[in-house]
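# Results of the structural survey
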Amino acid sequence: SVMKTALFADVPSALEALQACLAHAARSGAEAFVFLGDLVGYGADPAACVERIEALVRQGVAAAVLGNHDEAVVSGWCGDMNPHAREAIYWSRERLSAGQIGFLESLPLSLRAGECLYVHASAREPRAWNYIAASDAAAECFAASDARLVFAGHVHHQVLYYSVSRGASRAFRPTPGEPILLAAPRRWLALAGSVG
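What counts, and where the lines are drawn
- Residues numbered from 1 in each chain as written.
- Predicted model: local features only at pLDDT ≥ 70, side-chain atom pairs only at ≥ 80, totals over all residues.
- Heavy atoms only, no water.
- Pairing = 2+ DSSP bridges.
- Helix = DSSP H or I, 4+ residues; strand = E, 2+ residues; numbered from the N terminus.
- Axes fitted to C-alpha atoms, helices over the stretch in contact; angles between N-to-C directions.
- Core = buried A, V, L, I, M, F, W, Y, C linked by side-chain atoms within 4.5 Å.
- Buried < 20%, exposed > 50% of the residue type's maximum accessible area, 1.4 Å probe, protein only.
- Contact = heavy atoms within 4.5 Å.
- Parallel < 35°, antiparallel > 145°, perpendicular 65-115°, else oblique.
- Left-handed = near helix turned anticlockwise from the far one by under 90°.
- Nonpolar A, V, L, I, M, F, W, Y, C, P; charged D, E, K, R; others polar.

### Concerning the sheet that holds strand S7 (residues 158–163)
Pairing is mixed in the open sheet, where six strands are placed in the order S4-S5-S6-S9-S7-S8. Strands with a single pairing partner mark the edges of an open sheet, and in this sheet they are strand S4 (110–113) and strand S8 (169–172). Strand-to-strand twist of the sheet, defined as the mean angle between neighbouring strand axes without regard to direction, takes the value 20°. Bridge count for S7 against S8 is four bridges, and the pairing is antiparallel. Bridge pairing in S8 places Tyr 161 opposite Ala 171.

Right, dumping it as structure tokens:
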């Protein structure tokens, strides 16, 4: 049997949103959880969010990958982040324990599980934090991995892309409530939106 897995992208320290999404996943029968980065960020509860997610990872029911806000909290370097994001990073760093920062530091940039690849931004240069905002960036993500199913976040909205011949990709508009057939040779890239 296939284990139902819930995907969470871009929590950014929003505890109430995280709790609501975890409760919804449980009601939906999810048995496993994958966090697609940016566990911390703009919200008010970085320590509580990291504590909750780390506990799920340690229980063996969840996996998580590093996001750009997580990396900024670990390193203290905010790069070209906007002033609000930068302020949230500095504020969050002061509220996390050394152990919680260590947990964030331990997160991989990407994680492969069978035919699935989990990454925060794109399989193409994950640490460059490229946004997948159109089908050409989706095609570059497909080209950087042989995974048939790629799951990412970073853009804060839900989009589904599929590969077409000659290395191109197209956006796919699902019908609500209708299952999507994942038949080969088509490959899929799902941007999971944002928890917070």
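And the narrative resumes.
### Observations concerning unusual backbone geometry
In this structure, Ser 13 is a non-glycine residue whose phi angle is positive, near 65°. Along the chain, the position of Ser 13 falls in the loop between strand S1 (5–8) and helix H1 (15–27). Although it is not a glycine, Trp 129 adopts a positive phi angle of roughly 55°. Looking at where Trp 129 falls in the secondary structure, it is placed in the loop between strand S5 (116–119) and helix H6 (135–143).

### Observations regarding the nonpolar core
Formed by 33 residues in total, the largest nonpolar core has its most connected members in Phe 8, Leu 18, Phe 33, Phe 35 and Leu 104. If you list the elements that add at least two residues to this core, you get S1, H1, strand S2 (32–35), helix H2 (46–58), strand S3 (62–64), helix H3 (68–75), helix H4 (83–93) and helix H5 (98–106). Ala 138, Cys 141, Phe 142 and Ala 147 belong to the second-largest nonpolar core, a separate cluster that totals 15 residues.

### Remarks on the sheet that holds S1
In spatial order, the strands read S1-S2-S3; together these three strands make up an open sheet with parallel pairing. Strand pairing shows two members of the sheet lacking a second neighbour, S1 and S3, which therefore form its edges. Going from strand to strand, the sheet's axes swing by 15° on average, the running direction of each strand aside. With three bridges connecting them, S2 and S3 associate as parallel partners. By the bridge assignment for S3, Phe 33 is matched with Ala 62. Each of S2 and S3 is contacted by H2, which is oriented at about 120° to S3, the strand it contacts most.

### Things to note about H3
Of all eight residues making up H3, six are buried, and the element is well covered by its neighbours. The set of residues buried in H3 consists of Asn 68, His 69, Asp 70, Glu 71, Ala 72 and Val 73. The inward-facing, buried residues of H3 contact H4 and H5. A positive backbone phi angle near 80° is found at Gly 76, which sits one or two residues after H3.

### Here we look at the packing of H3 against H4
Orientation of H3 relative to H4, taken along the N-to-C sense of each, is 55°, at an axis distance of 9 Å. The pairing of H3 with H4 is recorded here as oblique in orientation. Read as a crossing pair, H3 and H4 show a hand that is right-handed. For the pair H3 and H4, the contacting residues are His 69, Ala 72, Val 73, Val 74 and Ser 75 in the first and Ala 85, Ile 89, Ser 92 and Arg 93 in the second. For the contact of H3 with H4, the class distribution of residues is five nonpolar, three polar and one charged.

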